[in-house]
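# Observations on the model geometry
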Amino acid sequence: MVKQTPFAITLLPLILLLFVLTVIYANVEAEVEGANKSYGVYNKSNNSVKLFVFGDSYVDTGNLVNSESYKPPCGITFPGKPAGRFSDGRVLTDYVASFLKIESPTPYAFRNSSEVKYGMNFAYGGTGIFDTLIDGPNMTVQIDLFEKLIEQKVYTKHDLESSIALVNAAGNDYGTFILKNGSTQDIPAFSASLIKQMSLNLKRIHSFGVNKIAVGLLEPVGCMPMLTATSSYDKCIENFNLVSQNHSQLLLQTVQDLNNKMRKPVFVTLDLYNSFLSTIATMQKKRAENSTVTNPLQPCCVGVSEGFHCGSVDEKGEKKYTLCEKPELSFFWDSVHPSQNGWNEVYKMLQSSLPKLIDI
């Protein structure tokens with residue numbers, strides 16, 4: 001559980017670096033809504049559990065069709081080529097789907113050309129609970145898209161009653177808020193507004209008939225490589241982790257209140273905050289014992305110099321990024337996203353919570 005800590009944050013020059021949480025892939029040209037075409041024939045014969053996903057790049061598996069997630073070196077570990085994930089391989093959605101013994105649900109952008117019997121992924125990298133600097137559907141709009149599919153009878157009442165939702169967002173909201181305001185002074189009030197809207201979003205998803213909803217606590221943003229770079233990837237920035245800790249504490253209380261009102265455990269929290277910290281600490285301990293072990297705070301894929309990032313190429317198409325020797329041993333893939341190995345280790349930490357999702 002998240003340890004309760006007094007919430008006090010001082011303004012640091014590092015604050016603007018949170019901007020990267022929102023705009024690292026700002027060259028996105030595609031809009032999911034713009035992909036709207038006439039609906040094809042859907043296979044409704046499969047009665048297995050379905051997974052519906054809402055949120056940001058930590059759970060997006062391919063909705064940003066013109067983004068860096070579809071360019072090398074993303075996907076080099078899985079599936080062996082760029083496939084729309086902001087990682088070298090699998091992300092959180094893939095691991096939750098594997099736990100449910102189903103394939104990862106189809107990204108909404110490909111709903112007309114792919115199998116949808118495993119559910120649908122509405123998550124869109126760079127977005128948040130509210131609008132961010134990325135021109136994409138915030139969580140409210142993502143849920144609107146879900147509702148449209150229900151109205152069009154793409155999914156039946158039975159489908160929804162036996163389905164599970166995965167929700168993860170907020171990091172990009174904080175990045176946008178801090179960049180626009182240039183101060184952390186009003187973050188506690190902003191956190192409260194985020195949690196209030198998240199509560200409304202969770203209740204709305206449940207109102208459609210979804211009986212189990214997993215919601216991720218906010219990852220420790222102070223451990224993002226784009227921040228730890230200032231300490232040569234030596235340690236997390238605790239002042240920033242307080243943002244995550246406070247947000248997660250509020251979210252935990254909200255989920256508990258919702259479950260109490262409904263008199264059943266509809267909502268299950270996935271403790272990304274402590275799962276990240278625990279995994280990083282374990283890897284750091286191993287590194288202290290053996291200096292050849294990968295530094296968990298150091299990204300695997302980085303730009304060769306300022307102005308370039310993972311996946312950058314110049315006008316001649318030449319790579320302007322470098323890769324670590326063993327991506328399969330890294331924790332972070334780039335400046336904000338875990339690698340497949342990172343997500344796998346986090347998934348191991350989350351496994352004790354996941355059985356609650358199938359106890360309907």
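So, how was this worked out
Residues numbered from 1 in each chain as written. Predicted model: local features only at pLDDT ≥ 70, side-chain atom pairs only at ≥ 80, totals over all residues. Heavy atoms only, no water. Helix = DSSP H or I, 4+ residues; strand = E, 2+ residues; numbered from the N terminus. Buried < 20%, exposed > 50% of the residue type's maximum accessible area, 1.4 Å probe, protein only. Contact = heavy atoms within 4.5 Å. Areas by Shrake-Rupley, 256 points an atom, 1.4 Å probe, with all protein chains shown as cover. pLDDT = per-residue confidence, 0-100. Disulfide = S-S within 2.5 Å. Salt bridge = Lys/Arg side-chain N within 4 Å of Asp/Glu carboxyl O. Pairing = 2+ DSSP bridges. Axes fitted to C-alpha atoms, helices over the stretch in contact; angles between N-to-C directions.

### Notes on the overall build of the protein chain
Along the backbone of the protein chain there are ten helices and eight strands. Within the protein chain, the proportion of its 360 residues that are buried is 54%. A separation of at least 24 residues holds for 74% of the contacts in the protein chain among residues at least 6 apart in sequence. As presented, the protein chain carries roughly 15400 Å² of accessible surface, and 51% of it is formed by carbon and sulfur atoms.

### Some remarks on the confidence of the model for the protein chain
In the predicted model, the protein chain carries a mean pLDDT of 89, and 87% of its residues have values of at least 70. Note that residues 4–46 has pLDDT below 50 and, in this model, 109 contacts with residues that lie over four places away or in other chains.

### Here's the deal with the state of the cysteines
Under the defined criterion, the tally for this structure stands at three disulfides. For Cys74, which is in no disulfide, the shortest distance to another cysteine sulfur is to Cys310 and amounts to 5.5 Å. When its relative accessible area of 3% is taken as the criterion, Cys74 is described as buried.

### Some thoughts on unusual backbone geometry
Cis peptide bonds are those with omega within 30 degrees of zero, and the linkage from Pro72 to Pro73 qualifies with 5 degrees. In this fold, Pro73 is placed in the loop between strand 1 (51–55) and helix 2 (92–99). Omega for the bond connecting Phe78 with Pro79 falls within 30 degrees of zero, at 0 degrees, which places this linkage in the cis form. With respect to the helices and strands, the residue Pro79 is situated in the loop between strand 1 and helix 2. One non-glycine residue with positive phi stands out, namely Tyr233, at about 60 degrees. Tracing the backbone through its elements, the reader meets Tyr233 in the loop between helix 7 (225–228) and helix 8 (238–262). The backbone of Arg263 sits at a positive phi, close to 60 degrees, despite the residue not being glycine. Within the secondary structure, Arg263 sits in the loop between helix 8 and strand 6 (267–270).

### Section: the pattern of salt bridges
If you walk through the whole model with that rule in mind, you get six salt bridges. Linking Asp159 and Lys50 is a salt bridge whose minimum nitrogen-to-oxygen distance equals 3.5 Å. Taken as a pair, Asp159 in helix 4 (residues 157–161) and Lys50 in the loop between helix 1 (19–23) and strand 1 lie far apart in primary sequence, 109 residues in all. Take Asp159: its relative accessible area is 4%, and that puts it in the buried class. Notably, a salt bridge pairs Glu345 with Lys348, separated by 3.2 Å at the nearest N-O pair. Taken together, the positions of Glu345 and Lys348, both in helix 10 (residues 340–350) and three residues apart, correspond to about one turn of that helix. Residue class for Glu345 comes out partly exposed when judged on its relative accessible area of 25%. On the basis of relative accessibility, which here comes to 47%, the residue Lys348 falls in the partly exposed class.

### Thoughts on the sheet that holds strand 6
Pairing in this open sheet of six strands is parallel, and the strands run 2-3-1-4-5-6 from one edge to the other. Either end of the sheet is taken by a strand with one partner, and the two such strands are strand 2 (106–107) and strand 6. The sheet contact formed by strand 2 and strand 3 (residues 119–121) spans two bridges and is parallel. When the sheet's bridge partners are listed, Pro107 is paired in strand 3 with Asn121. Packing against the sheet, helix 2 makes contact with strand 1, strand 3 and strand 4 (164–168), and its axis sits at approximately 160 degrees to strand 1.

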